[in-house]
Amino acid sequence: MIWGTIRRKVSSSQVLGQAWKVRPAASTPNSYRTVPKEALFNGRGFECIQRSSYHIALGSYASKPSRVATSLMQTESFIGLQKRSFSSDGDLVEAVVPFMGESITDGTLATFLKKPGDKVAIDEPIAQIETDKVTIDVVSPEAGVIQKFVAKEGETVEPGVKIAIISKSGEGVEQAAPSEKASSQPEPPKEKETAEKQVPKAEPAPVKEVLPKSRAPSSQPPPKHVASEPVLPPKDRERRVPMTRLRKRVAIRLKDSQNTFALLTTFNEVDMTNLMKLRSDYKDAFVEKHGVKLGFMSGFVKAAVSALEQLPVVNAVIDGDDIIYRDYIDISIAVGTPKGLVVPVVRNAGGMNFAQIEKEINTLAKKAADGSISIDEMAGGTFTISNGGVYGSLLSTPIINPPQSAILGMHSIVNRPMVVGGNIVPRPMMYIALTYDHRLIDGREAVYFLRRIKDVVEDPRRLLLDV
């Protein structure tokens, strides 16, 4: 069947409230075609036909109208009625890319969760869109059977783009099979063409071998150079996989951080004895009252808040020729996931207690692990804490998370011999690192900042006395 589209623009007020009428003619046994019409109207409040169709047989019209009436509100501007894709009996519906957030304009169609012919329920995910920050599901708008996919994995898609056609009755699903066969048929000719192209390439080889025969002494060195080439690993042992959008975004941001900031890292070490004792003494009571375990992260977040309040320049950022001082403290927590690094934000950390911080970190970490974390939960942040100690890191130099100016790196706790009161005793020690933007933060402020974190972690009572 051949489809045609006729666009008409009606400006006369005489057609307001009217619909096109199609007069039936004598039907004939010959074939006919369906011609849809889409009308664009410019006017005030009225009803119009958005889409209609009729059949043509030997130059005459056969009566079979299919219409969608749309009521338009009064407007002074031009109104274009958008065509909706569905069959005449309303059996087919489209699954489209949903709105992905104000700061996200497109995404990559990462994978299909279903196949053509599979049954789906309403709001059941059928595909996943990968963006720079989160993974978003495309769900089925109706219950039915997937007729076909109209997009391919790896394509860049925008909100509103069609992904799949779903049949509520399950009709027409067999049409997806021929396309697969058609795509597989051209493969043998390609193999023949490549085989034919390879044959003439082998012909010049004997010619090159004949020339050196007259020069026997000079023909020996080239084979030695050729023999050294197979030292490289064979290509069949390598795999090329496209980067995910999240990985590309992380790579760009980290490289921009190196290119923009004057990165410098200072180190110190922390005796974890008192914080570990505090945790051991009150961990059961803490869980019983607050329903969450007491960890080390809440202690370091409180210590970072105290240091940021004393040295607000670490909480600031350079913007062009200006310095922006932020009078609020939002702590970003770096979390590693199977898909890449994400950095959820603990909002207003300065006004939270230990239990509130632990609950918020626990909630954000679970969302990051299962991929349900939202963009708003990762936006912003004035200072970042990265805990490489959970992976066994002894020492590292973390990279600043733009547009921040500093990042604190935590590491593993190791028992080491320390001098305490003139005696050598074992102590649980942790190295801590502060990477900062030296354009804004001087070495003096950076050392004082890290020293404040050390003092608070080694003696949490300082938080109560504000000393």
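Look above for the structure.
Please read all numbers here as calculations on a predicted model, not as lab measurements.

### Quick look at the pattern of salt bridges
Consideration 1: By the definition in use, this model includes 13 salt bridges.
Consideration 2: Among the salt bridges present, the one from aspartate 271 reaches arginine 427, with a minimum N-O distance of 3.7 Å. Of this pair, aspartate 271 sits in strand β14 (residues 263-271) while arginine 427 sits in strand β24 (residues 423-437), placing them 156 residues apart in sequence.
Consideration 3: We classify arginine 427 as partly exposed; its relative accessible area is 21%.
Consideration 4: Arginine 451 serves as the salt-bridge partner of aspartate 455, at 3.3 Å between the closest nitrogen and oxygen. You can see aspartate 455 and its partner arginine 451 sitting in helix α9 (residues 443-458), four residues apart, about one turn around the helix.

### What about the packing of aromatic side chains?
Consideration 1: Evaluation of the coordinates by the stated rule reveals two aromatic pairs.
Consideration 2: The interplanar angle of 20 degrees and the centroid separation of 3.9 Å between the aromatic rings of phenylalanine 112 and phenylalanine 149 together place this pair among those described as stacked. Of this pair, phenylalanine 112 sits in strand β7 (residues 107-112) while phenylalanine 149 sits in strand β11 (residues 144-149), and the two are 37 residues apart along the sequence.
Consideration 3: You can call phenylalanine 112 buried: its relative accessible area is 15%.
Consideration 4: Aromatic pair phenylalanine 383 and phenylalanine 449: ring centres 5.4 Å apart, planes at 55 degrees, arrangement tilted.

### Observations regarding the sheet that holds strand β8 (residues 119-120)
Consideration 1: In space, the four strands of this open sheet follow the order β6-β13-β11-β8, with antiparallel pairing throughout. The two strands at the open ends of the sheet, each matched to only one other strand, are β6 (92-96) and β8.
Consideration 2: Sheet topology note: the β11/strand β13 (residues 162-167) ladder contains four bridges and is antiparallel. Across the sheet, the residue bridging to valine 145 is serine 167, located in β13.

Rules and cut-offs
Residues numbered from 1 in each chain as written. Predicted model: local features only at pLDDT ≥ 70, side-chain atom pairs only at ≥ 80, totals over all residues. Heavy atoms only, no water. Salt bridge = Lys/Arg side-chain N within 4 Å of Asp/Glu carboxyl O. Helix = DSSP H or I, 4+ residues; strand = E, 2+ residues; numbered from the N terminus. Buried < 20%, exposed > 50% of the residue type's maximum accessible area, 1.4 Å probe, protein only. Phe/Tyr/Trp six-rings, centres within 6.5 Å; stacked < 30°, edge-to-face > 60°. Pairing = 2+ DSSP bridges.

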